[in-house]
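Understanding the architecture of this molecule
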Amino acid sequence: MSHHNSSLISAKSKRSIKAILAALLMVSMIFSWLPQAQASVDPVIHIGQVSGKPGDIVEVPVSYDSKGSEFSFFHSELSFAYDSAVLELVEGDEVVNRQAYENYQGVSLTEDTSAPGYISVIMTTQNFIQESAALYSLHFKIKENATTGPSSVTLHTGALVVEYDPFQVTGENGQVTVLADEKPVGYGVVYIGSEEGKAGDQVTLTVDTAVLSQPIGSYGVRLKFNPAALQVTDVTGSPGIRHHANNETGSLIVGWSDENGGLSPIPASENYQTLFNIEFKITSSAVAGVYPVQFVNETLLENFTVTDTDGIEMMKQAVSGDITVVGEPTTPTTPTTPSNPGSSGSGSSSGGSSTPSTPASTSEKITVNVTNERNATAVVSATTIERTTGADGRKKDEVNLTAEQTSRAIASLKKAGSNIARILIPDEKDEVSELNVKLPAKSASLMADEKMNLYIETDNASLQLSPNTLQGLDSEVYFHLVPIKDAAGREVVEQRIHKDPLFVKQSTNTADFRLIGRPMTIETNMSSRPVTVVLPIRDMNLTQKELDKLQVFIEHSDGTKELVKGKIVKFNGTDQPGIEFEVTKFSTFSIVLMNGSNTSAYIQGYADGTFRPNQAVQRAEMAALLSRILPSGSDEVALNTSYRDMPVAEWAREAITKATAAGYMRGNVAGDFMPGRSITRAEMAVIIERILKTQESAADVDAEATAATTAVPNEAADLTQHWAREAVQRVLAAGIMSVSQDGAFRPNDAVTRAEAVTLLNRLVKIEPDLSGASRWKDVPVGHWAYGAIQAASQN
């Protein structure tokens, strides 16, 4: 019996085990059919790796790496740490390569550099970023005293925002590798002076360095002169100087080397310093005239050599001089009429009239550097200013950039890895009344062929000529620059501006316009080629809002006139602001400030301190906005206008009736205004088109309608059969609305509060206000419509 029971238990156990195994097998089969969980890797911010030498400017790229995930965001708040002992941010241009994120519509970008060694960057886009992409680059300068080796740039904190909740993102560190700083090749200009004397006189001619970027350890020059008029009697200079003169052939060789093994060099200097003096005796038989003292084929090292303290040959330029022999006055054998009768103390001749002599004009030569940067240590060549002072005291400058000087500049620019040659023409005392710059065709051709840019920078204007502009010029080019400095000339220009139709059309109040700084007349024989012009803004008390309103009034030599909205930049690399613009025709340029009228807030936020920028705008709200910002029709007509559903929006009754009377908005055929329905983008375009028609003449509207189909060549794909197509096309042509990156207009999408104020601001020309703290807690500084919302919601 017991044996039977044990057999029974054993059989039951076996059946239980089989049941459990069957269940497990079924579960495993079920789970094998379920979708497998995909392994995912969180996205990261990638920081690039670059290298450079002390003093170099480098750009460290910052990019988003999705790591294969489907994560997307529209807002990023990233903080980067760097070693401030090695790197410093480029002030005013800390974040560069903004073209890297131009693909994202409505980008706004702000940065905070208040904490040393850190930079925080907030970027907001209207569209989502959902795949790996470049964001921007950080702009650093490697400090001059930076030690060789790697220096890390790391992500200190990082958050990417999908909708509301931030995702804390990690970073892949980058670095800036500091390379050993190679000693630059030195540069010097050796300048022979000019003197004058009479036959038989002893004169001293100095040979100087006008520019010297590094100390000189040795030099040697071979000069030639006219032995019939000049004879070398001695050469003096620093200890160690040697010379050999041949007064029969008119040859002079002068050499020097530091006898102290490079410890007592001729020091580097931006000022003139004498290398040696040549004592000449003017022969008794010398006739009056100018006798050059010149370098002999200075391109050959055996004729002209200058080395630094390490014995490395320097780049150099030679400027020859001369001695003017003045003839002795001859005693006349027959009576002659004095050139200025009566000018002596003995009285005037009988019956003669006295004519005062006119002072002769004088001239001087000034050597200026050609540099690849705006500092004296980046010299690549030099040229000479011929400064003439006329009999009336007016000073005129003339600069001629020869082909030889250009060739040297190009060679030096290539070694420095630069493609910009800058000529800074000084006028420290503000005494020059006009400037003539000549560029021979050969010089222009050399620069164009080597893809070099030429910047001509003065205290009154800067001209920037690109290689394309210089290409194909077959004759000498000149630029004639005349600043209008005197009050009378300035007043004439100002009167022309106030009377010009371009200004009268915009306002009848002349107080709305103000002439800023000096008008500038620029003439050239180069036509139909683009040149970038930068004018200085001399009024340093202008606010940022006033700077943003500046425009350039151009009176072209062919009689045409235009107003150009320029770009505010740093003038000639200084802290002084300037306004930059491009022209193909020249004449008189005047900077004007267009004040316009003051604006009042026309939209409010909510009691909880929010603006709700993404909330759709209802038709009643739009009527209220229009009634506040635009002139309406007569009150009598407005009060007689009513809709069946007006009681639903009693608070907006007056605004709705005024907007209807002005023709900006309309109800449906059933007599309803539909105040609670959202405004669509198509409806907004129709409203804007109606407003534009009230602001323009009938002729303007007809011309705009004719051009509308061609003004926007790539029509949005979602407008082909749309009822509002023509209105949308005209508004797109006016530049008030735009299509998205994918070419869609989205006519049926609701207009948000942020979009509404942006469009209305453009319509009535209210500039964005980026100053001050945000008025609304849900509109941070980084919001794409921050400036528009600030301007619309405050006085």
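The following paragraphs examine the structure supplied in this document. (Residues numbered from 1 in each chain as written. Predicted model: local features only at pLDDT ≥ 70, side-chain atom pairs only at ≥ 80, totals over all residues. Heavy atoms only, no water.)

On to helix α14 (residues 753–764). Spanning 12 residues, α14 covers 17 Å between terminal C-alpha atoms, matching the ideal 16 Å at 1.5 Å per step. Along α14, 10 of the 12 residues are buried, which leaves the element largely enclosed by surrounding structure. Phi turns positive one or two residues past the end of α14, at K765, with a value near 60°. (Helix = DSSP H or I, 4+ residues; strand = E, 2+ residues; numbered from the N terminus. Expected span 1.5 Å × (residues − 1). Buried < 20%, exposed > 50% of the residue type's maximum accessible area, 1.4 Å probe, protein only.)

This part covers helix α2 (residues 403–416). The terminal C-alpha atoms of α2 lie 20 Å apart, and with 14 residues this matches the ideal 20 Å at 1.5 Å per residue to within 8%. If you check which residues of α2 are buried, you get Q405, T406, R408, A409, I410, S412 and L413. Where the residues of α2 are buried, they touch β24 (315–319), β26 (362–371), β27 (379–389), β28 (395–400), β29 (420–424) and α3 (441–449). Phi turns positive, to about 70°, at G417, one or two residues after α2. (Contact = heavy atoms within 4.5 Å.)

Here five strands make up an open sheet; going across it, the order is β18-β21-β16-β14-β24 and the pairing mixed. Of all strands in the sheet, those with a lone pairing partner are β18 (230–237) and β24, marking the two edges. Here the average twist between neighbouring strands, direction ignored, is 20°. Alignment of strand β14 (residues 187–192) against β24, held across five bridges, turns out to be parallel. Across the sheet, the residue bridging to Y187 is M315, located in β24. (Pairing = 2+ DSSP bridges. Axes fitted to C-alpha atoms, helices over the stretch in contact; angles between N-to-C directions.)

Relative to the helices and strands, S462 is located in strand β32 (residues 462–465). Residue S462 is classed as buried on the basis of its relative accessible area of 1%.

Soluble globular proteins tend to bury their nonpolar side chains together. Residues Y602, M622, L626, I656, M665, I688 and M737 are the most contacted members of the largest nonpolar core, which totals 56 residues. Of all elements in the fold, only α8 (619–629), α10 (653–661), α11 (681–695), α13 (725–733), α14 and α15 (786–792) reach the threshold of two or more residues within this core. Among the elements that take part in this core, α11 stands out by supplying eight residues, more than any other. Counting residues in each nonpolar core, the second largest holds 50 residues, with A448, I456, L465 and I579 among its members. (Core = buried A, V, L, I, M, F, W, Y, C linked by side-chain atoms within 4.5 Å.)

As a further point, take the packing of aromatic side chains. According to the stated counting rule, one finds 14 aromatic pairs in the structure shown. With 5.7 Å between their ring centres and 25° between their planes, Y219 and W256 make a pair best called stacked. Note that Y219 is positioned in strand β17 (residues 216–224) and W256 in strand β20 (residues 251–257), a separation of 37 residues in sequence. Given the relative accessible area of 4%, W256 is considered buried. Ring geometry for F581 versus F589: centroids 5.6 Å apart, planes at 40°, classification tilted. Like F581, the residue F589 is buried in the burial classification. Cluster of aromatic residues (ring-pair linked, three or more members): Y64, F71, F73 and F167. Looking at R681, its charged tip hangs above the ring of F745, at a distance of 4.4 Å from the centre. (Phe/Tyr/Trp six-rings, centres within 6.5 Å; stacked < 30°, edge-to-face > 60°. Lys NZ or Arg CZ within 6 Å of the ring centre and 35° of its normal.)

With that settled, consider the environment of F167. Positionally, F167 belongs in strand β11 (residues 166–168). In this structure F167 comes out as partly exposed when scored by relative accessible area, which is 23%. For the pair F167 and F71, spaced 96 residues apart in sequence, the C-alpha to C-alpha distance is 9.9 Å. In this structure, F167 is in contact with D42, P43, F71, G158, A159 and L160, ignoring residues within four places of it in sequence.

Let's shift gears to a negative patch on the surface. On the surface, E59, D93, E111 and D112 cluster together to form a negatively charged patch. Along the chain, E59 falls in strand β3 (residues 57–65). (Patch = residues over 30% accessible without salt bridge, like charges linked within 9 Å, V, L, I, M, F, W, Y side chains within 5 Å. Areas by Shrake-Rupley, 256 points an atom, 1.4 Å probe, with all protein chains shown as cover. Salt bridge = Lys/Arg side-chain N within 4 Å of Asp/Glu carboxyl O. Lys, Arg positive; Asp, Glu negative; His and termini not counted. Charge placed at Lys NZ, Arg CZ, Asp CG, Glu CD.)

In this section: the pairing of strand β40 (residues 587–594). With eight of eight residues buried, β40 lies mostly within the body of the structure. One ladder, built from seven bridges, connects strand β36 (residues 550–556) with β40; its direction is antiparallel. Looking at the pairing, L550 lines up with L593 of β40.

In this section: the pattern of salt bridges. A side chain with one charge may pair with a side chain of the opposite charge, provided their charged atoms come close. Tallied over the full model, the rule gives 26 salt bridges. The shortest N-O distance in the salt bridge between E434 and K396 comes to 3.8 Å. Taken together, the positions of E434 in strand β30 (residues 432–439) and K396 in strand β28 put the pair 38 residues apart, joining distant regions of the chain. Since its relative accessible area comes to 40%, K396 is described here as partly exposed. As a salt-bridge pair, R408 and E404 come within 2.9 Å of each other at their nearest N and O atoms.

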